[in-house]
Amino acid sequence: MIKYLIQKEFLQIRRNSFMPKIIFIFPIMVMCVMPWVMNQEVKNIRVDVVDMDRTTQSQQLVHQIEASNYFIFNGQKATYQEAMKDIETSQADIILEIRDGQYLIAANAVNGTKGSIGSAYLSQIVSSNLSLLTSDLSPLTLYNKHQDYKVFMIPALMGILMMMLCGFLPALNIVGEKEKGTIEQINVTPVSKWSFIFAKLIPYWLIGLVVLTLCLVLSWLVYGITCQGPLWLVYLLAILLALFFSSFGLIVSNYSDTMQQAMLVMWFFVVCLMLLSGLFTPVRSMPHWAYLTTYVNPMHYFADAIRTVFVRGGDFYSIVHQVLALIGISTLMAVWAVQSYKKNN
């Protein structure tokens, strides 16, 4: 019985003129475009220099700033007050004043991230110029040696795609059948709840795994980035995440009467889960009350685990805590999803 129900779902997806296109075009666009634009590196910081010393060392420092990929040299100003006018009119972001061998860095902190990180970059250049670091001291980068932000973001984008495909699509599919009235025809048949639910979810799990494979191939072809750990762990984490979001989508569809209602409810929870998971910003930077939510946030466990495997090359024992947490949360949601589905026998 379930075999024919799954076949019916694939036929419905194929006959939909829009669905097959969005299923495959959306992941390709996300993997080929988003890693370039979802970059939290701070660049193009405009710097005004007020050099009152005019020494060889100060001029070398100015040339280092000009050569940096992070800064846009905005020219040298005669006085600090003149440079401050550029700050006030948003024509400059940072002022470097050199006077009597002293270095003053003043940053526009309206954008706190740009101001603090830009000041840190400039401080490193000044420190290097002054030879404050000893010659036998050099940094050693163990993982992501080139410090490429794409390596950090690609695993997160894979999680987002699994969330969208395995969470939104099943929920909207079921609510769509409610609106059309076809679900009532299923409810009066001998099909059991488990058969109906698995028939609705398995096609999207398979599509999610195909899309994950496509993402891994694009990551290798477009960016030259490959998984450093066992690939089967990436698929295991993706399956557990798909189980959670498909169960969550089913719960939302069980309590929703229209597609609009289901979409808004799903979007509300999905945005909260993403922003509080550490996909984009460190969770330790959040307030303590917000950090506590990560203990029940499956996206946090997924992001932590997949980056451990994908970037650091960790094995199963290095992510066993995250795997057990995902299994527990996903199982709980799956039981809730089945129990909340009402079928008239």
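The sections below set out a description of the structure shown in this document. (Residues numbered from 1 in each chain as written. Predicted model: local features only at pLDDT ≥ 70, side-chain atom pairs only at ≥ 80, totals over all residues. Heavy atoms only, no water.)

Section: the overall build of the protein
To be explicit about the condition: In this description a helix means any DSSP run of H or I spanning at least four residues, a strand means any run of E spanning at least two, and both kinds are numbered starting from the N terminus. Each radius of gyration is computed over the set of C-alpha atoms, and the globule rule expresses the reference value as 2.2 Å times the number of residues to the power 0.38. For every residue, the accessible area (1.4 Å probe, protein chains only) is compared with the maximum for its type, and the residue is labelled buried under 20%, exposed over 50%, or partly exposed between those bounds. Computed by Shrake-Rupley with a 1.4 Å probe, the accessible areas treat only the displayed protein chains as cover when residues are assessed. Positive charges come from Lys and Arg alone, negative charges from Asp and Glu alone, with His and the N- and C-terminal ends not counted. To locate a charge, take NZ of a lysine, CZ of an arginine, CG of an aspartate or CD of a glutamate.
Secondary structure summary: the protein contains 13 helices and 4 strands in total. Its C-alpha atoms give the protein a radius of gyration of 26 Å, clearly above 20 Å, the size a compact globule of 345 residues would have. Taking the principal axes of its C-alpha atoms as reference, the protein extends roughly 90 × 45 × 40 Å. By residue count, 45% of the 345 residues in the protein fall in the buried class. A total of about 18400 Å² of accessible surface is found on the protein, and carbon and sulfur atoms cover 63% of it. Each charge class in the protein can be summarised by its mean position, and for the 23 positive and 20 negative side chains these summaries are 17 Å apart.

So, the pattern of salt bridges
This is how it is decided: When a carboxyl oxygen of Asp or Glu lies within 4 Å of a side-chain nitrogen of Lys or Arg, that pair is called a salt bridge.
Counted according to the given criterion, the structure contains 3 salt bridges. One salt bridge connects D86 with K77, and the closest N-O pair in it is separated by 3.3 Å. Each member of the pair, D86 as well as K77, carries the same accessibility label: buried.

Re the side chain of K77
Definition in use: Pairs of N or O atoms within 3.5 Å make up the polar contacts considered here, provided that, within protein, one atom can donate a hydrogen while the other can accept it, and that residues adjacent in sequence are counted only when both atoms are side-chain atoms. Here a residue-residue contact requires only that any non-hydrogen atoms of the pair lie within 4.5 Å.
Along the polypeptide, K77 turns up in the loop between β2 (71-76) and α4 (80-88). Within the local environment of K77, its side chain forms a polar contact with the side chain of D86, the two groups lying 3.3 Å apart. Beyond its immediate sequence surroundings of up to four residues, K77 is in contact with D48, V49, V50, D51, E82, A83 and D86.

Structural notes on unusual backbone geometry
Residues other than glycine seldom take positive phi values, yet R54 does so here, at roughly 60°. Tracing the chain through its elements places R54 in the loop between β1 (45-51) and α3 (56-67). Among the residues examined, R54 registers a relative accessible area of 54% and is labelled exposed. One non-glycine residue, D100, lies in the positive phi region at around 55°. Classification of D100 as exposed rests on a relative accessible area of 66%.

Notes on the environment of A156
Note that A156 resides in helix α6 (residues 149-180). A156 sits in the buried class, given a relative accessible area of 1%. With residues near it in sequence (within four places) discarded, A156 still touches L279 and R307.

A closer look at a nonpolar patch on the surface
The condition is simple: Without a salt bridge and with relative accessible area above 30%, a residue can belong to a patch; like charges are then joined within 9 Å and nonpolar side chains (Val, Leu, Ile, Met, Phe, Trp, Tyr) within 5 Å.
A cluster of nonpolar side chains, I25, M29, V33, M34, W36, V37, V217, W220, L221 and V222, forms an exposed patch at the surface whose accessible area comes to about 970 Å². Among the elements of the structure, α2 (19-37) and α8 (193-223) are those that each provide at least two residues to the nonpolar patch. The dominant element in the nonpolar patch, judged by the number of residues it contributes, is α2, at 6 residues. Mapped onto the elements of the fold, V37 is located in helix α2. Judged by relative accessible area, V37 falls into the exposed class, the value being 56%.

A word on the packing of aromatic side chains
Where we set the bar: A pair of aromatic rings is counted whenever rings of Phe, Tyr or Trp (Trp by its six-membered ring) have centres within 6.5 Å, and the orientation is called stacked for planes under 30 degrees apart, edge-to-face for over 60 and tilted otherwise. In this analysis the charged atom, NZ for Lys or CZ for Arg, is taken to sit over a ring once it is within 6 Å of the ring centre and within 35 degrees of the ring normal.
Tallied over the full model, the rule gives 10 aromatic pairs. Ring plane angle 5° and centroid distance 6.1 Å describe the contact between F244 and F248, whose orientation is recorded as stacked. Of the two residues, F244 and F248 both sit in helix α9 (residues 231-254), 4 residues apart, roughly one turn of that helix. Among the residues examined, F244 registers a relative accessible area of 6% and is labelled buried. Aromatic rings pair up to connect F244, F245, F248, F268 and F269 into one cluster. The residue whose ring lies beneath R307 is F152, and the NZ or CZ to ring-centre distance is 3.6 Å.

Points about the sheet that holds strand β4 (residues 102-107)
Inclusion rule: By definition, two strands form a pair when at least two bridges between them are found by DSSP. The axes are straight lines fitted to the C-alpha atoms, using for helices just the contacting stretch, and the angles between their N-to-C directions are given from 0 to 180°.
Taken together, 4 strands build an open sheet; the order of strands is β2-β1-β3-β4 and the sheet is mixed. Across the chains shown, the open sheet's two edge strands, defined by having one partner strand only, are β2 and β4. Taking each pair of neighbouring strands and ignoring which way they run, the sheet shows an average axis angle of 20°. Pairing of β1 with β2, which is carried by 4 bridges, proceeds in the parallel orientation. Of the residues in β2, the one forming a bridge with R46 is I72. α4 rests against β1, β2, β3 (94-99) and β4 of the sheet, and its axis sits at about 170° to β3.

What about the pairing of β3?
Within β3, 5 of the 6 residues are buried, leaving the element largely enclosed by the surrounding structure. Of the pairings in the sheet, the one linking β1 to β3 comprises 5 bridges and is parallel in character. The residue bridging D48 from the neighbouring strand is I95, located in β3. With 6 bridges connecting them, β3 and β4 associate as antiparallel partners. In the sheet register, E97 faces β4, and the bridge partner there is L104. Hairpin connection, β3 to β4: the antiparallel pair is bridged by 2 residues, and D100 has positive phi, about 55°.

Section: α2
To keep things clear, this is the line we draw: Under the convention used throughout, the expected extent of a helix is 1.5 Å for every residue step, that is, one less than its residue count. Fitting one axis to the seven residues ending at a residue and another to the seven starting there, the bend at that residue is the angle between the two axes.
Taking 1.5 Å as the rise per residue, α2 with 19 residues should run 27 Å; its terminal C-alpha atoms sit 26 Å apart, in good agreement. Along its length, α2 reaches its greatest deviation from straightness, about 30°, at M31, and the proline P35 lies no more than four positions downstream. Of all the positions in α2, only M19, I23, P27, V30, M31 and P35 are classed as buried. Buried residues along α2 sit against α1 (2-15), α6 and α8.

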